[in-house]
Amino acid sequence: MLEVRDLATGYGQAEVLHGVTIAVNAGEIVAVVGANGAGKSTLLKALSGLLPARRGSITFDGARIDGAAPEAIVRLGIAHIPEGRRVFPYSTIEENLSAGAYVRTDSAAVEADREAYYRRFPALRERRDRLASTLSGGEQQMLAISRGLMSRPKLILMDEPSLGLSPIMVDRVFEIIQELNKEGKAILLVEQNATRALAIAHRAYVLVTGEVALSGSGKDLLGNEEVQRSYLGS
Amino acid sequence: MEFLFFLQQIVNGLALGSVYALLAIGFSMIYGILRMMNFAHGDLYAFSAIFIGGVLAQGWPVYLALPLGIAVGALIGVLVERICYRPLRVIDRSVAIVSSLGAAFVLRNASEYLFGVRPAPFPLLLGQDKFVIGSVSFPLNALYILFVALAAIFLFNTFLKRARLGRGIMLVAQDIPTASLMGVPVNRTIVLVYAIGGALGVIGGVLYGSIYGIVFTDMGFPGTIKAFVAAIVGGIGNLAGAMIAGLFLGVIETLVVVYGGDWVGLPPGYRDAVAFVILIVFLLFRPTGLMGTRVSTAEAGTGASMGYSATTRRAIKLFGAIVVPRWMIGPAALLAAVAFPQLISDPYLLRIANLIMMYAIAVLGMNLVLGYCGQFHFGQAGFLAIGAYTTALLMLNFDVNVLVALAASGALAFALGVLVGIPAIRVRSDYLALVTFAFGEIVRLFILNSGFTRGPMGLPGIPVPEIFGFKIADNVGFFYYALALLVLAYVLCVQVTRSHIGRAWKAIYEDETAAEAMGINTARYKILAFGLSCFLGGIAGSYMATFSRFIAPNSFGVDLSVLVIIMLVLGGLGNLWGSIIGAAIMIGAVEILRPIAEFRIAFIGVVMILIPILRPQGIFSGIGNEAVPFRAWIERWRTKAATRHAR
Ligand SMILES: Nc1ncnc2c1ncn2[C@@H]1O[C@H](COP(=O)(O)OP(=O)(O)OP(=O)(O)O)[C@@H](O)[C@H]1O
Ligand SMILES: [Mg+2]
């Protein structure tokens, strides 16, 4: 579904990714783990078009998308749920959800989807007319996920969805990821919480200073000694 | 009766305020969304209004002329975005202050060139019907104008709320990258913002023409200021607030003109000062505006994270830094300078050299406050004026020796500079730009409207200065006088920047919060930076008075402040040598361009647009090791503003 070959990108003069090759197949949860500053967020930004690729190729459903603008990539069915949630703070919950459906023109179906997410996250429904900045961190994450889903993506890029959440909320987030996957969405998950991410991932990559150091099934990597030592803190 | 007259003034004020409201909405929207102060906003409105007036005079029907003019305004808005704003977006939006001022200059020059400097007639499109109660007649067209403005604003507001493109604007205003992840076409949306802002401004210009029957190039800059003031008072990004504040400003101005003379003896020339006073009061006491703010506290977009554009990278490569061995510069330059008048006796060249040195002193002052301490100061012209007038008045009226006058000028400028620095403690940096700017304008308006300065006529016949018995009467004399002042100013700057003061400035510049945490009294050092900066401005002004022997308020306009800033940016912030070189380049360019004087302002404008794009760190940043690249400077400035926001 998504194929990334030899992708290089960076900021200004600095190159951060030096030729990354990964793939996500339909129906998979793929995890990308790595230390702070390894370039995980950078990878997602390149995939969603926020950063231009300097080398290599990105193919989605058989079409090249490197060089496409973010707004075009959303339309193809990739949703990027950014690090730090990035809800629109001065828009209401409802306006945030509508923002997620910006590319859609089928307003009746958009309405129905919004209702569906309200059912799933009743806390959002209760606060639908409040500004998003008034939500708690966990609620904001639910909003950010729902907002991303409002574009009806085939592939979801998630950047540290569990960051800064209470243990109960972390559980909930990983539950949701698995639910979404069961509903047929492919998911590329970037996480600091490597143990949890590897546990639910079908396959995973370890990113070290902008390069893929290891890859394999989630279970294999979870059992891998080196990964244990460097990333799982044991 | 008295009351009806008052009511009539209110109606007139509301009509003028409608114009301001329309301008303010466009300005507020562009600033709220892009953090860009669009200084070209008023010139766009003036240009388009004159254009429409011209087209109507050609006999075009109104229903064709208006849409055409609005289209022209929208197109200019789009061009400003494309040329001044978009290439800079990836570096930093705030650098765009300089280039949008450049665009304002280009537009103004184009307007003068194409339409002439004299006011052009504009048909009273809304008629001259009056509505008479007793002996007081109310102009109906004022009410129509209010109605048209409100209708335009209402339509626009509905567009923002309901239409898809409008919703896109609201998302881009909050977070550019995330908006693009939602599928909002960011570039097109931003273009749209400029186009709509331009179109609303043009409607304002048409209404202005319909009230007063004339439109002219010089209404542009005050237009920008009024728009800015209304946008601030209303709360940046708060469109309803901008509208109300615009109306309010129009009413206050009208009342000041009508009653100000009777009540407090204020001449009508102070009308434009009203806006500045309101601005300063608001920035000091209520920086978030009358109505609070909705959009501005959101850190709009982080476009800066995306690296430079290809053009910029190419340009940086092309104009690599010019490296000169550092130790050679000082002695060589001084030697060359001392010998200069002996080798070159051409009075024209000497005159230019004198001008360069005078400007260099003022630029050095700017460098302290902006390049070292990182505080925006947009009003150096005001301090040149203070220095020049102090010296001139003392020498003319009291026959004071030039050195005493020089000292008095410096001292007064220092004291007032300290006063201006006080807002720096409270006000966010990009607003500080406007406070200082407003102060500079107030100084000019004060001089223009006071009797003892002889108002617009200026002060001629400033006596020949005499230092220790030597009369300084020719260019050579003035050369050495200027050189001595420049060397002293330079040494002062070197000493100060190397001392604990310079270290404190550097700490403030890099991270004000951290500097405070380290126990640095940031308020005191910031105020000192302003004081010293203005002191040098006053010294330069004093020299100017004796050197040119005639001074008039119109020499101390905004152009002068802007010119000083360009010189500084050109030479590189935090680079003392660069300040001198920047002054030399700009004065040289202005002289070389004398044959095409009518395009001079446009030329300066083009330079201002190009420097930030091509070489954001200044042209000569390779010289001197303290040079702070402009981009890094502006980035720090922005992160500071952002953290202050967050608190
Ligand atoms: N906006 C930016 N401008 C310049 N450099 C950046 C920017 N964002 C990230 N970097 C640099 O790129 C490198 C990779 O950053 P990235 O955010 O991709 O790391 P990460 O793996 O997501 O780390 P974390 O786990 O902390 O989120 C880092 O060295 C970082 O300093
Ligand atoms: Mg990250």
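Nothing here was measured: the structure is a model prediction, and the numbers come from that model.

### Details of the overall build of chain B
Each helix and strand in chain B was counted, giving 25 helices and six strands. The buried share of chain B, reckoned over its 647 residues, is 59%. In chain B, of all internal contacts separated by at least 6 residues, the share reaching a separation of at least 24 is 81%. In the form shown here, chain B has an accessible surface area of approximately 24600 Å², with 70% of it arising from carbon and sulfur atoms.

### Examining the pattern of salt bridges
Within this structure, the stated rule accounts for 23 salt bridges over all chains. Note that A:Glu111 and A:Arg114 form a salt bridge whose closest N and O atoms lie 2.9 Å from each other. Taken together, the positions of A:Glu111 and A:Arg114, both in helix α4 (residues 107–120) and three residues apart, correspond to about one turn of that helix. A:Glu111 gets classed as partly exposed once you look at its relative accessible area, which sits at 39%. Across the pair B:Lys226 and B:Glu253 runs a salt bridge, and its minimum N-O distance is 3.3 Å. Residue B:Lys226 is found in helix α9 (residues 220–234), and its partner B:Glu253 is found in helix α10 (residues 239–264); the two are separated by 27 residues along the sequence. The pair B:Lys226 / B:Glu253 is uniform in exposure class, with both members buried.

### Re the pairing of strand β7 (residues 155–159) of chain A
The side chains of a regular strand alternate between the sheet's two faces. All names here are of chain A. In terms of burial, β7 is a largely internal element, five of the five residues being buried. Burial along β7 is two-sided: the residues Leu155, Leu157 and Asp159 and Ile156 and Met158 are all buried. Pairing between strand β6 (residues 78–81) and β7: four bridges, direction parallel. Residue Ile81 lies in a different strand from β7, and its bridge partner there is Met158. Pairing of β7 with strand β8 (residues 186–190) involves five bridges; the strand directions are parallel. Bridge pairing links Leu157 to Leu188 in β8. Handedness of the β7-helix α7 (residues 167–182)-β8 crossover: right-handed.

### Some remarks on the site of ligand 1
All names here are of chain A. The full set close to ligand 1 counts 14 residues, and Gly37, Lys40, Ser41, Thr42 and Gln192 are the nearest of them. The separation between a nitrogen atom of ligand 1 and a polar side-chain atom of Tyr11 is 3.4 Å. Gly37 has a polar backbone atom sitting 2.8 Å from an oxygen atom of ligand 1. For ligand 1, whose free accessible area comes to 630 Å², the fraction covered by protein is 63%. Broken down by element, the shell around ligand 1 gets its largest block of residues, three residues, from helix α1 (residues 40–47). Each residue belonging to the shell around ligand 1 can be placed in one class, and the counts come to four nonpolar, seven polar and three charged.

### So, the interface of chain A and chain B
Taken together, the 25 residues of chain A in the interface contact 27 residues of chain B. When the two sides are added together, the surface that chain A and chain B hide from each other amounts to roughly 2400 Å², 57% of it contributed by carbon and sulfur. Of all residues in chain A, A:Phe88, A:Tyr90 and A:Tyr102 bury the most surface against chain B, accounting for 35% of the area lost on that side. One can count one salt bridge joining chain A with chain B. Between B:Asp175 and A:Arg86 there is a salt bridge, with its nearest N and O atoms 2.8 Å apart. The interface formed by chain A and chain B contains four residue pairs in polar contact (both at pLDDT 80 or more). Those elements giving two or more residues to the side of chain A that touches chain B turn out to be α2 (70–76) and α3 (93–100) of chain A. Tallying contributions element by element places α2(A) first for the side of chain A that touches chain B, with four residues.

### As for the pairing of strand β2 (residues 130–133) of chain B
As defined by bridge partners, β2(B) adjoins strand β3 (residues 136–139) of chain B across four bridges and the pair is classed as antiparallel. Following the sheet pairing, B:Ile133 is matched in β3(B) by B:Val136.

### Points about the sheet that holds strand β4 (residues 55–60) of chain A
Residue and element names in this part refer to chain A. Taken together, the four strands give an open sheet; going across it, the order is β2-β1-β4-β5, and neighbouring strands pair in antiparallel fashion. Edge positions in the sheet fall to β2 (14–24) and β5 (63–64), since each of these pairs with one other strand and no more. With two bridges joining them, β4 and β5 adopt antiparallel strand pairing. Considered in β5, the bridge of Phe60 is made with Ala63. Along the sheet face, α1 touches β1 (2–11), β2 and β4 and points at about 110 degrees away from the line of β1.

### Observations concerning the coordination of the magnesium ion (ligand 2)
Residue and element names in this part refer to chain A. Taken together, the protein ligands of the magnesium ion (ligand 2) are Ser41 (OG) and Glu83 (OE), with distances of 1.9 to 2.5 Å. Of the two residues, Ser41 is situated in helix α1 and Glu83 in the loop between β6 and α3; the sequence distance between them amounts to 42 residues. Since its relative accessible area comes to 16%, Ser41 is described here as buried.

### Considerations on the sheet that holds β8(A)
All names here are of chain A. Strand order in the open sheet formed by six strands is β6-β7-β8-β3-β9-β10, with mixed pairing between adjacent strands. Looking along the sheet, the strands with just one partner apiece sit at the ends: β6 and β10 (211–217). Neighbouring strand axes in the sheet, compared pairwise and without regard to direction, differ in orientation by 15 degrees on average. On top of the sheet, α1 reaches β3 (29–34), β6, β7, β8 and β9 (203–208); it is set at about 150 degrees to β7, its chief contact. In the packing of helix α6 (residues 137–149) onto the sheet, the strands contacted are β6 and β7, and the crossing angle to β6 comes to about 165 degrees.

About the cut-offs
- Residues numbered from 1 in each chain as written.
- Chains lettered and ligands numbered in written order.
- Predicted model: local features only at pLDDT ≥ 70, side-chain atom pairs only at ≥ 80, totals over all residues.
- Heavy atoms only, no water.
- Helix = DSSP H or I, 4+ residues; strand = E, 2+ residues; numbered from the N terminus.
- Buried < 20%, exposed > 50% of the residue type's maximum accessible area, 1.4 Å probe, protein only.
- Contact = heavy atoms within 4.5 Å.
- Areas by Shrake-Rupley, 256 points an atom, 1.4 Å probe, with all protein chains shown as cover.
- Salt bridge = Lys/Arg side-chain N within 4 Å of Asp/Glu carboxyl O.
- Pairing = 2+ DSSP bridges.
- Right-handed = clockwise from strand over helix to strand, strands pointing away.
- Near = heavy atom within 4 Å.
- Polar contact = N/O pair within 3.5 Å; in protein donor to acceptor, adjacent residues only side chain to side chain.
- Nonpolar A, V, L, I, M, F, W, Y, C, P; charged D, E, K, R; others polar.
- Buried area = accessible area lost by both parts, 1.4 Å probe.
- Axes fitted to C-alpha atoms, helices over the stretch in contact; angles between N-to-C directions.
- Donors = N, O, S within 2.8 Å, 3.2 Å for Na, K, Ca; no water.

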